[in-house]
Amino acid sequence: MPRLLLKSLRVKQLLSQLLQINRTGFKKGGLKLRTRVPEPPLVPPDPPDPVGECAYCGEDLYPGQDVVEIDDKALCENDYCIKGYVEDYVEIKKDITFDEDYTIVDYAHDYLIHYTQMPTEEDLEYMAAEAKIEEKLLERG
Ligand SMILES: [Zn+2]
């Protein structure tokens, strides 16, 4: 047999041995790996229903989503909605000239915005329960 062929046969043998080890190794290690990395669900869960909409652009806002609040109105966090809302609906009481160094969005962040999140389902249940308790207390006087 030519030497080269012999060599390649040896390589093949080694490779198949290696593969064998890998296979059994995988079988043993596979279970361990499984407990560490959860399998992703086959079907992605349905997105939750929106619980509100941006007071400026009307985009849906979802439970737990970070939002900004101005005058108790929820808005998307982005500059576009903040700027638009403040320009259209907020009377600016301070005498400030806005420029690129201090924009209307900066002003909103400094004086108007309350950072919050849209309520989750649990929050809503909690709020409903609280409202009920308050109602009962009012009934009693
Ligand atoms: Zn928006």
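Parameters and conventions
Residues numbered from 1 in each chain as written. Predicted model: local features only at pLDDT ≥ 70, side-chain atom pairs only at ≥ 80, totals over all residues. Axes fitted to C-alpha atoms, helices over the stretch in contact; angles between N-to-C directions. Helix = DSSP H or I, 4+ residues; strand = E, 2+ residues; numbered from the N terminus. Parallel < 35°, antiparallel > 145°, perpendicular 65-115°, else oblique. Contact = placed C-beta atoms within 7 Å. Nonpolar A, V, L, I, M, F, W, Y, C, P; charged D, E, K, R; others polar. Pairing = 2+ DSSP bridges. Buried ≥ 20, exposed ≤ 12 C-beta atoms within 10 Å, placed from the backbone. Arc of directions from axis to C-beta.

Novice: So what's going on with the packing of helix α2 (residues 79–89) against helix α3 (residues 104–112)? Residues and values would help.
Specialist: Two numbers describe how α2 lies on α3: the axes approach to 9 Å, and their chain directions differ by 80 degrees. When the interaxial angle is binned, α2 and α3 end up roughly perpendicular. Residues D79, I82, K83, V86 and E87 of α2 touch α3, and the partners they reach there are I104, V105, A108 and L112. Taken together, the residues of the contact of α2 with α3 break down into 6 nonpolar, no polar and 3 charged.

Novice: Could you give an account of the sheet that holds strand β4 (residues 73–75), with specific residues and numbers?
Specialist: The sheet built from 3 strands is open, its strands ordered β4-β3-β5 with antiparallel pairing. A strand with exactly one partner marks an edge of an open sheet, and here the two such strands are β4 and β5 (114–117). Between one strand axis and the next, the sheet turns through 40 degrees on average, direction left out of account. Two strands pair when backbone bridges link them, and strand β3 (residues 66–70) and β5 are joined in this way by 4 bridges, in the antiparallel orientation. Looking at the pairing, V68 lines up with Y115 of β5.

Novice: Before we move on, can you summarise α2 with the specific residues and values?
Specialist: Because an α-helix packs 3.6 residues into every turn, residues spaced three or four apart end up facing the same way. Listed in full, the buried residues belonging to α2 are C81, I82, Y85 and V86. Along α2, the residues classed as buried sweep out an arc of 120 degrees about the axis, all on the same side. Set apart from the buried face of α2 by more than 90 degrees, the exposed residues are Y80, E87 and D88.

Novice: Now, about unusual backbone geometry: what can you tell me, with residues and values included?
Specialist: Although it is not a glycine, D71 sits at a positive phi angle of roughly 50 degrees. For D71, the position within the fold is in the loop between β3 and β4. Among the residues examined, D71 registers 12 C-beta atoms within 10 Å and is labelled exposed. Positive phi values are uncommon outside glycine, yet D72 reaches one of about 65 degrees. Relative to the helices and strands, D72 is located in the loop between β3 and β4. When the 7 C-beta atoms within 10 Å are taken as the criterion, D72 is described as exposed.

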